[in-house]
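Read off the chains here:
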Amino acid sequence: MIHIFKRGSSDITFCLLHSEGHDENELLYVAKAIDPNASVLAIRGSINEHGAFRFFKRKNMGVYDDESLKNETHNLKRFINDSAKAFSFDINKVIVIGNAHGANIAINMLFHYEKAFYKAILFHPMIPNRVRNLPNLNKVRVFIGAGENDYMTPKHEVEELTQILQSANALVDVYFTKYGHMISKDEIEAARIWYKEG
């Protein structure tokens, strides 16, 4: 996978997963705002849909390709594991920062792996699928940034996602803004405070 790795001075590594149509550079400023000392692994989705980079395929607007989602979730997990060895960072101290489409595949990793991430910062996520048997996410902290006027991720879906994650024992904090389907300065600041608090 195409990626950027930047070595930081702390033992934390941010794994950055961009939104649909963007690339590995999209969330670099977010990572820097939250913790400029963390290492950064920014990954570009391997699916190219008419010039738009994605982490998994879809059948049409709003309909995911479940087989692609499953396969690319496992591929991404392997890539992160391989990167930890290649760049010598602690796989147990990886915090994912995902935006929209990137947040969706991050959630699917949480749905399939008990120790996918140390923590998760997810901006405007959707529920990628409604799996029945979740791993134990005990002590995994999750921050969700959402917008009250987000036409892509309505409030009821954020609430359902929160309940799903909590049912697997994850510790979930949700921050709503008055904005729509975009990362706001308010969300980044809320995520920074959440991160610093533990």
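Preceding block: the structure.
Residues numbered from 1 in each chain as written. Predicted model: local features only at pLDDT ≥ 70, side-chain atom pairs only at ≥ 80, totals over all residues. Heavy atoms only, no water.

### Section: the overall build of the protein chain
- Looking only at helices and strands, one finds five helices and eleven strands in the protein chain.
- Here the protein chain has a C-alpha radius of gyration of 15 Å; the compact-globule value for 198 residues is 16 Å, and the two agree.
- Across its three principal axes, the protein chain shows a C-alpha extent of roughly 40 × 35 × 35 Å.
- Burial statistics for the protein chain: of 198 residues in total, 53% are counted as buried.
- Look at the contacts in the protein chain between residues 6 or more apart in sequence, and 68% of them connect residues 24 or more apart. (Helix = DSSP H or I, 4+ residues; strand = E, 2+ residues; numbered from the N terminus. Rg over C-alpha atoms; globule rule 2.2 N^0.38 Å. Buried < 20%, exposed > 50% of the residue type's maximum accessible area, 1.4 Å probe, protein only. Contact = heavy atoms within 4.5 Å.)

### Some words on the sheet that holds strand β10 (residues 141-147)
- Ordered in space as β1-β3-β2-β8-β9-β10-β11, the seven strands form an open sheet in which the pairing is mixed. With partners counted over all chains shown, the strands left at the sheet margins are β1 (3-6) and β11 (171-177), one partner each. If you compare each strand with its neighbour and ignore which way they point, the axes differ by 15° on average.
- In this structure, strand β2 (residues 13-17) lies alongside strand β3 (residues 39-43), joined through five bridges in parallel fashion. Bridge pairing in β3 places L16 opposite A42.
- This element, helix α4 (residues 155-167), spans β10 and β11 of the sheet and lies at about 165° to β11. (Pairing = 2+ DSSP bridges. Axes fitted to C-alpha atoms, helices over the stretch in contact; angles between N-to-C directions.)

### Notes on the packing of aromatic side chains
- Under the defined criterion, the tally for this structure stands at six aromatic pairs.
- Between F123 and F143, the aromatic rings sit 6.3 Å apart at their centres with planes inclined by 70°, giving edge-to-face as the arrangement. Taken together, the residues span a long stretch of sequence, with F123 in strand β9 (residues 119-123) and F143 in strand β10 at a distance of 20 residues.
- With centroids separated by 5.8 Å and ring planes inclined at 50°, the aromatic side chains of F143 and W194 adopt a geometry described as tilted. Taken as a pair, F143 in strand β10 and W194 in helix α5 (residues 185-196) lie far apart in primary sequence, 51 residues in all. For the pair formed by F143 and W194, the shared burial category is buried.
- Ring pairs connect the aromatic residues F5, F87 and F89, which therefore count as one cluster. (Phe/Tyr/Trp six-rings, centres within 6.5 Å; stacked < 30°, edge-to-face > 60°.)

### A look at the packing of helix α2 (residues 66-87) against helix α3 (residues 101-112)
- Where α2 contacts α3, the axes come no closer than 10 Å and their chain directions differ by 85°. Taken as axis vectors, α2 and α3 run roughly perpendicular relative to one another. Here L69, E72, T73, H74, L76, K77 and I80 of α2 come into contact with α3, specifically with I105, N108, M109 and H112. (Parallel < 35°, antiparallel > 145°, perpendicular 65-115°, else oblique.)

### Notes on the pattern of salt bridges
- Across all of its chains, the model carries seven salt bridges by this definition.
- R54 serves as the salt-bridge partner of E20, at 2.9 Å between the closest nitrogen and oxygen. Placement of E20 in the loop between β2 and α1 (28-34) and of R54 in strand β5 (residues 52-54) is noted, with a sequence separation of 34 residues between them.
- Here E20 falls in the partly exposed class, since its relative accessible area comes to 33%.
- Here R54 falls in the buried class, since its relative accessible area comes to 2%.
- One salt bridge connects E20 with R58, and the closest N-O pair in it is separated by 3.0 Å. Remark: R58 occurs in strand β6 (residues 58-60) and E20 occurs in the loop between β2 and α1; sequence separation between them is 38 residues.
- Each of E20, E49, R54 and R58 takes part in salt bridges that share partners, so that together they form one network. (Salt bridge = Lys/Arg side-chain N within 4 Å of Asp/Glu carboxyl O.)

### Here's the deal with the environment of A33
- Inspection of the secondary structure assignment puts A33 in helix α1.
- In the structure, A33 is positioned 155 residues away from I188 in sequence and 7.4 Å away in space, judged by C-alpha atoms.
- Setting aside anything within four residues of it in sequence, one finds A33 in contact with I188 and R192.

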